[in-house]
Amino acid sequence: KSYHTSTQKEIIVFALKGKTAVGFTDNHTLYLNAESTLPDKQFNFSVKPYLFHSGITSVEYLKEESSNLHLLKHNNFIQFYNLRIGVIDSKFRPYETNKKLKVDYLLITGKNNIDPNRLLHLFDTKVIIVDNSVPEYLAKHISEQCIKTGIKVVDTHQSQAYRIPI
């Protein structure tokens, strides 16, 4: 039996080639935010071992608008317990604002060629996560820009996954 218990709560950004998949573990359920249902090969290779080792018995894919007691997803924003995540994907459109939106994490996905400096004018965040759906050359560019501005960046091209305990 794994050391994880039924009270496990965490966020995991899976490192899937060309895909975005973010899991929200709450007890024995994994709520999966992905642009579509994952192909069996990727699910079996990357997600299934996590399910097994974490004692997860149920997987639910999130819809565009999803909510339960501890998880709320609305367009490009997700709140899981007390953590807020902004998702910069193909549906995201920069907007004008007088006040930055505070998010704990900013997840950049897909082939967005958005300037990290522009994002930092819109969002107040401590960590930017670049997932494997972002082409490597663009992930490297985003990482370099974040380092110049002093923002912590996590590039899942460089790791198996990124786990955030709650």
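For the structure, check the block above.
Residues numbered from 1 in each chain as written. Predicted model: local features only at pLDDT ≥ 70, side-chain atom pairs only at ≥ 80, totals over all residues. Heavy atoms only, no water.

Student: Hey, could you run me through the side chain of S133 in this one?
Tutor: Note on placement: S133 falls in the loop between β12 (127–130) and α3 (136–149). By relative accessible area, S133 is classed as buried at 11%. Polar contacts involving the side chain of S133 include one to the main-chain amide nitrogen of G110, which spans 2.6 Å. There is a polar contact of 2.6 Å between the side chain of S133 and the side chain of D131. Excluding residues that lie within four positions of it along the chain, S133 makes contacts with L16, G18, K19, T20, T109 and G110. (Helix = DSSP H or I, 4+ residues; strand = E, 2+ residues; numbered from the N terminus. Buried < 20%, exposed > 50% of the residue type's maximum accessible area, 1.4 Å probe, protein only. Polar contact = N/O pair within 3.5 Å; in protein donor to acceptor, adjacent residues only side chain to side chain. Contact = heavy atoms within 4.5 Å.)

Student: Would you mind showing me how to read the layout of surface pockets here?
Tutor: In this approach, a probe sized like a water molecule rolls over the atoms, and the result shows the empty space that is left. Here the largest pocket is characterised by a volume of approximately 360 Å³. Taken together, 21 residues make up the lining of the largest pocket; nearest its centre are A34, E35, D89, K91 and T109. Here the lining of the largest pocket is composed, by residue class, of four nonpolar, ten polar and seven charged. For the second largest pocket, the calculated volume is near 310 Å³. Around the second largest pocket, the lining is made up of 16 residues, and of these A15, F45, S46, Q160 and A161 lie nearest the centre. Those elements giving two or more residues to the lining of the second largest pocket turn out to be β1 (9–14), α1 (40–54) and β14 (161–165). Sorting elements by how many residues they give to the lining of the second largest pocket places α1 first, with four residues. Counted by class, the lining of the second largest pocket contains eight nonpolar, six polar and two charged residues. (1 Å grid on protein atoms, 1.4 Å probe; cavity = no way out; pocket = protein on both sides within 12 Å on 5 of 7 lines; lining within 4 Å. Points joined across faces, edges and corners; volume = space filled by probe spheres on them. Nonpolar A, V, L, I, M, F, W, Y, C, P; charged D, E, K, R; others polar.)

Everything listed here is a matter of geometry and, on its own, says nothing about what the molecule does.
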